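# Tertiary structure, described
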Amino acid sequence: MNNIDRTIKNLKKIICDPNCSSMNISTVKGYLGELYVYKKLREEGIEPIQKGNQGGYDLEFDLGDKNFKIDVKLSTLKEEVNGVPKFWGWALNNKRKSRITCTHFICVAVNDDLDPIKYYIINANAKNLKCFKGYFKQFSNVTHGFALLPPKSTLNKISQGEYKMLFKKCHSLLKDGVVIGVPPNQKLSKKLIKI
């Protein structure tokens, strides 16, 4: 087992450890997401530089004639909104962050075992980010967000209109190619260069 795999395994243990249940593990989850993307890109022949979110992004690398600055987001399945089935949700920006300095977001959706099941690529340019305005009211600090229901969930299960509209909007962004979904068995770099 190489160092990255060992670190991923250890981070997953910390997240699942009942002794850590009272601590804020969002930083641990964020680093786990960063390592998933870092490892995937390295397997594709890219050598990203880990930035540790200094400057507002986690990974930097050149691909073709482009420079990429990636802000990685990870989401487990959430049950935070009454009347809404489990969903993945990523805060792309919040009120504390004055400006976005990354070129792209990569949102990692993980299963209950914390393994990636899909990577979602979002171009972070200002025009594109307008599509992601608004989020759940109880997350009022989030200015730009993205949320998806798992494949077997349907909008019909959601009784509250505002939530139904948000999920419908986010799923249409995926369908329209504003967001690109990449399964773990496909090349992330190949899709990234196209968006």
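Before reading on, note that the structure itself is shown above.
First things first, this report covers the structure right here in the doc. On a predicted model such as this, the values are computed, not experimentally measured, just so you know. (Residues numbered from 1 in each chain as written. Predicted model: local features only at pLDDT ≥ 70, side-chain atom pairs only at ≥ 80, totals over all residues. Heavy atoms only, no water.)

Scanning the chain from N- to C-terminus turns up 5 helices and 8 strands. Counted from the first residue to the last, the chain has its helices and strands arranged as α-α-β-β-β-β-β-β-α-β-α-β-α. A compact globule built from 195 residues should have a C-alpha radius of gyration of about 16 Å, and the chain, at 16 Å, falls within 12% of that. In the chain, which comprises 195 residues, the share counted as buried stands at 45%. (Helix = DSSP H or I, 4+ residues; strand = E, 2+ residues; numbered from the N terminus. Rg over C-alpha atoms; globule rule 2.2 N^0.38 Å. Buried < 20%, exposed > 50% of the residue type's maximum accessible area, 1.4 Å probe, protein only.)

Strand pairing in a sheet relies on backbone hydrogen bonds. The paired strands run either parallel or antiparallel. The strand order across the open sheet formed by 6 strands is β1-β2-β3-β5-β6-β8, and the pairing between neighbours is mixed. At either margin of the open sheet sits one strand with a lone partner, and together these are β1 (49-50) and β8 (179-182). Bridging between strand β3 (residues 66-75) and strand β5 (residues 104-110) involves 6 bridges; their strand directions are parallel. Pairing of I70 across the sheet is with H104, part of β5. Against the sheet, helix α2 (residues 26-43) contacts β1, β2 (59-63), β3, β5 and β6 (116-123), and its axis sits at roughly 135 degrees relative to β3. (Pairing = 2+ DSSP bridges. Contact = heavy atoms within 4.5 Å. Axes fitted to C-alpha atoms, helices over the stretch in contact; angles between N-to-C directions.)

With that settled, consider the state of the cysteines. Counted by the stated rule, this structure contains 0 disulfides. As a non-bridged cysteine, C107 has C102 as the owner of its nearest cysteine sulfur, 9.6 Å distant. Among the cysteines around C131, which has no disulfide bond, C170 carries the closest sulfur, lying 10 Å off. (Disulfide = S-S within 2.5 Å.)

Okay, the nonpolar core next. Of all hydrophobic cores here, the largest spans 30 residues; its most connected members are V37 and V108. Residue assignment for this core shows that the elements contributing at least two residues are α1 (3-16), α2, β2, β3, β5, β6 and α5 (188-192). In terms of residue count, the dominant contributor to this core is α2 (7 residues). When near neighbours in sequence (up to four residues on either side) are disregarded, V37 contacts L59, V72, I106, V108, Y119 and L188. (Core = buried A, V, L, I, M, F, W, Y, C linked by side-chain atoms within 4.5 Å.)

In the structure shown here, the tally under the stated rule is 7 salt bridges. A salt bridge links K39 to E43; its shortest N-O distance comes to 3.9 Å. With a gap of 4 residues between them, K39 and E43 both fall in helix α2, about one helical turn apart. As a salt-bridge pair, D71 and K73 come within 3.5 Å of each other at their nearest N and O atoms. Note on D71: relative accessible area 2%, which makes it buried. (Salt bridge = Lys/Arg side-chain N within 4 Å of Asp/Glu carboxyl O.)

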